Amino acid sequence: MQLIDGKAIADIIKQEIAVEVATIKSMGQRPPHLAAILVGHDGGSETYVAHKVKACEQCGFDSTLIRYEDTVTETELLAKISELNNDTAIDGFIVQLPLPKHISEQKIIEAIDYRKDVDGFHPINVGRTSIGLPAFVSATPAGIMELLKRYGIATAGKHCVVLGRSNIVGKPVANLMIQKAYPGNATVTVCHSYSADLVEQCQKADIIIAALGQPNFVKGNMVKDGAVVIDVGTTRVPSTTTKSGFKLTGDVLFDEVAPKCSYITPVPGGVGPMTIVSLMRNTLLAAKKELFK
Ligand code: GUN
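Read on for an overview of the structure.

**A look at the sheet that holds strand β1 (residues 2-3)**
Either a parallel or an antiparallel arrangement is found when strands of a sheet pair, and the pairing is made through backbone hydrogen bonds.
Here's step 1: Pairing is parallel across the open sheet formed by six strands, whose spatial order is β1-β11-β8-β7-β5-β6. Here the strands that pair on one side only, and so sit at the sheet edges, are β1 and β6 (187-191).
Here's step 2: The pairing of strand β5 (residues 159-163) with β6 spans five bridges and is classified as parallel. In the strand pairing of β6, leucine 163 is matched with cysteine 191.

The structure is reproduced here in structure tokens:
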């Protein structure tokens, strides 16, 4: 069993990006600039956004954090998005999800100029990605593809089971795994809460991508020998053994599953750091204006 070290790969990619940013600056141009909108004080969102701001520093980017209380109106948020869309000093921006119930996430996502949508959530980016056109690929699926590539994991003709059908992970990663490309060319089955044969599908899988958000869902008996397991889960489970009072827990019961795998991602330190670094990459692409001409 080989552990897929997302943290180490993410550190290498951040270094690669920093080198490119240094070149941009040496030519007298300003560095890439990412803005993030954070609404409310959800612990998970606060942590993710703090990691994104820190990664910007490590890559040599400028960053701007825009905060709102969770009483902000949809109209106020839409006005800020319009301002950022038109601000030539901002290359890309994200609105951290989830948003409070009174705000339509879909309306917010669709208000973002797709050329600045470095999260890759806008329907134009989702659609372009799904037919293999240049686009901002959503960060978590892009991070998973990069891990498969950097570890040279074979995907062509493999049976890949995706657990979960979210717009952010399940659907786009399933789509990428069927693209005529490497990584890709896999036979993909997407399982979800209505799947009657989820366990049997997993038992047949060469590659399992678990993105259900249900801690420790994938057990040892669900995985065949030699499988590749990618764990996207990051649920904060209360814990008495950590200073923070919680433990970041994946969708895979690691101790049972890991001994059976050829490769497996840990939580934390697997997919998470790759998600952040994919956002950095998209921001660099946005600054270079190479995707959409
Ligand atoms: N919430 C959970 N993951 C993400 C993400 O990748 N981007 C944004 N904007 N919000 C999230």
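**Comments concerning the pairing of strand β7 (residues 207-210)**
Here's step 1: Residues of β7 alternate between two faces, with Ile207 and Ile209 on one and Ile208 and Ala210 on the opposite face, all of them buried.
Here's step 2: As judged from the four bridges shared by β5 and β7, these two strands associate in the parallel manner. Paired with leucine 163 across the two strands is alanine 210, which belongs to β7.
Here's step 3: As paired strands, β7 and strand β8 (residues 227-231) are joined by four bridges and run parallel to one another. Bridge assignment links isoleucine 207 to a residue of β8, and that residue is valine 228.

**Quick notes on the packing of helix α1 (residues 6-26) against helix α2 (residues 43-59)**
When two helices pack together, their arrangement is given by the angle between the helix axes and by the axis-to-axis distance.
Here's step 1: In contact at an axis separation of 8 Å, α1 and α2 are set at 55° when each is read in the N-to-C sense. Of the possible angle classes, the one that applies to α1 and α2 is oblique. Between α1 and α2, the contacting residues are Lys14, Ile17, Ala18 and Val21 on the first element and Ala55, Gln58 and Cys59 on the second.
Here's step 2: Taken together, the residues of the contact of α1 with α2 break down into five nonpolar, one polar and one charged.

**Topic: empty space enclosed by the protein**
Here's step 1: A complete count under the given rule lists one cavity of 30 Å³ or more for this structure.
Here's step 2: Its boundaries defined by the atoms lining it, the largest cavity holds a volume of some 60 Å³.
Here's step 3: Residue lining of the largest cavity: Phe93, Ile94, Val95, Leu97, Ile108, Ile109, Ile112, Asp117, Asp119 and Phe121, and that is the complete set.
Here's step 4: Mapped by element, the contributors of at least two residues to the lining of the largest cavity are β4 (92-95) and α4 (105-111).
Here's step 5: Ranked by residue count, the leading element in the lining of the largest cavity is β4, at three residues.

About the thresholds
Residues numbered from 1 in each chain as written. Predicted model: local features only at pLDDT ≥ 70, side-chain atom pairs only at ≥ 80, totals over all residues. Heavy atoms only, no water. Pairing = 2+ DSSP bridges. Helix = DSSP H or I, 4+ residues; strand = E, 2+ residues; numbered from the N terminus. Buried < 20%, exposed > 50% of the residue type's maximum accessible area, 1.4 Å probe, protein only. Axes fitted to C-alpha atoms, helices over the stretch in contact; angles between N-to-C directions. Parallel < 35°, antiparallel > 145°, perpendicular 65-115°, else oblique. Contact = heavy atoms within 4.5 Å. Nonpolar A, V, L, I, M, F, W, Y, C, P; charged D, E, K, R; others polar. 1 Å grid on protein atoms, 1.4 Å probe; cavity = no way out; pocket = protein on both sides within 12 Å on 5 of 7 lines; lining within 4 Å. Points joined across faces, edges and corners; volume = space filled by probe spheres on them.

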